[in-house]
Amino acid sequence: MEEQEVMTIESGTIALLNKSEIEQQVATAHKFPRSIKKFRDETMQMVTLTEKIAGECIYSLPRGGKTIEGPSARFAEVIASAWGNSRAGARVVSDQGEFVTAQGVFHDLERTSPSPTRCNVASRIKPAAALRPT
């Protein structure tokens with residue numbers, strides 16, 4: 001078996017590379033600014049491409065004899081893609097069994113906000129087995 005060399009990179013180096021990458025994305029966003037008309041047209045094209053995609057852009061959840069409906073994570077993906085000049089992501093930051101905390105992150109590269117917008121949401125998962133991905 002061949003021995004592989006392991007390279008160690010300082011955390012400061014990684015931060016510098018990340019900063020450089022974001023600065024390049026900001027420069028590109030300024031060079032090619034978004035158009036609201038193009039955003040609206042692209043969103044409509046993506047959402048209505050097929051009936052299946054349109055259905056995935058809305059969630060429906062029965063709760064206490066009522067149905068809660070709203071825009072889905074798929075719709076958020078469409079919006080982020082059509083909006084352009086941005087970085088977006090989500091992750092679970094805490095899973096305490098019955099309660100899960102997720103964090104969404106959005107960075108508008110064109111408006112050059114100094115740091116991404118972050119939003120943490122804690123939610124009670126009940127029944128746990130029915131709503132958790134496997």
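Now for a quick tour of the structure. All figures in this text were calculated on a predicted structure; none of them were measured in a lab.

Analysis parameters
- Along each chain, numbering runs from 1 in the same order as the chain's sequence is written.
- The model is predicted, so local features are restricted to residues of pLDDT at least 70 and side-chain atom pairs to those at 80 or more, both for listing and for counting; the totals for chains, interfaces and linings are taken over all residues.
- Hydrogens and waters are ignored; side-chain quantities use all the structure's heavy atoms.
- Lines fitted to C-alpha atoms define the axes here, with helix axes fitted over just the stretch in contact, and angles between the N-to-C directions of these axes take values from 0 to 180 degrees.
- For the purposes of this entry, the term helix denotes a DSSP run of H or I that reaches at least four residues, the term strand denotes a run of E that reaches at least two, and both are numbered from the N terminus.
- Working rule for handedness: look at the near helix, and if it is turned counterclockwise from the far one by less than a right angle, call the crossing left-handed; if clockwise, right-handed.
- Between two residues, a contact is recorded if the distance between any of their heavy atoms is within 4.5 Å.
- Note on residue categories: nonpolar means Ala, Val, Leu, Ile, Met, Phe, Trp, Tyr, Cys or Pro, charged means Asp, Glu, Lys or Arg, and polar means any other residue, Gly included.
- Expected span of a helix: the number of residues minus one, times 1.5 Å.
- Exposure categories follow from relative accessible area, calculated using a 1.4 Å probe and restricted to protein chains: below 20% of the type maximum is buried, above 50% is exposed, and the middle band is partly exposed.
- To be clear, the arc concerns the directions from the helix axis to the C-beta atoms.

Relative orientation of the contacting elements helix α2 (residues 36-47) and helix α4 (residues 73-83) amounts to 145 degrees, with a least axis distance of 8 Å. Judged by the twist between their axes, the crossing of α2 over α4 is right-handed. On α4, the residues touching I36, F39, E42, T43, M46 and V47 of α2 are F75, V78, I79, S81, A82 and W83. Class assignment for the residues of the contact of α2 with α4 results in 9 nonpolar, 2 polar and 1 charged.

Take α2 next. For α2, spanning 12 residues, the distance from its first C-alpha to its last is 16 Å, which sits close to the expected 16 Å at 1.5 Å a residue. Listing the buried residues of α2 in full gives F39, T43 and V47. Mapping the buried residues of α2 onto a view down its axis gives an arc of 50 degrees, with all of them on the same face. Opposite the packed face of α2, turned more than 90 degrees from it, sit the exposed residues K37, K38, M44 and Q45. Where α2 is buried, its residues touch α3 (51-56) and α4.

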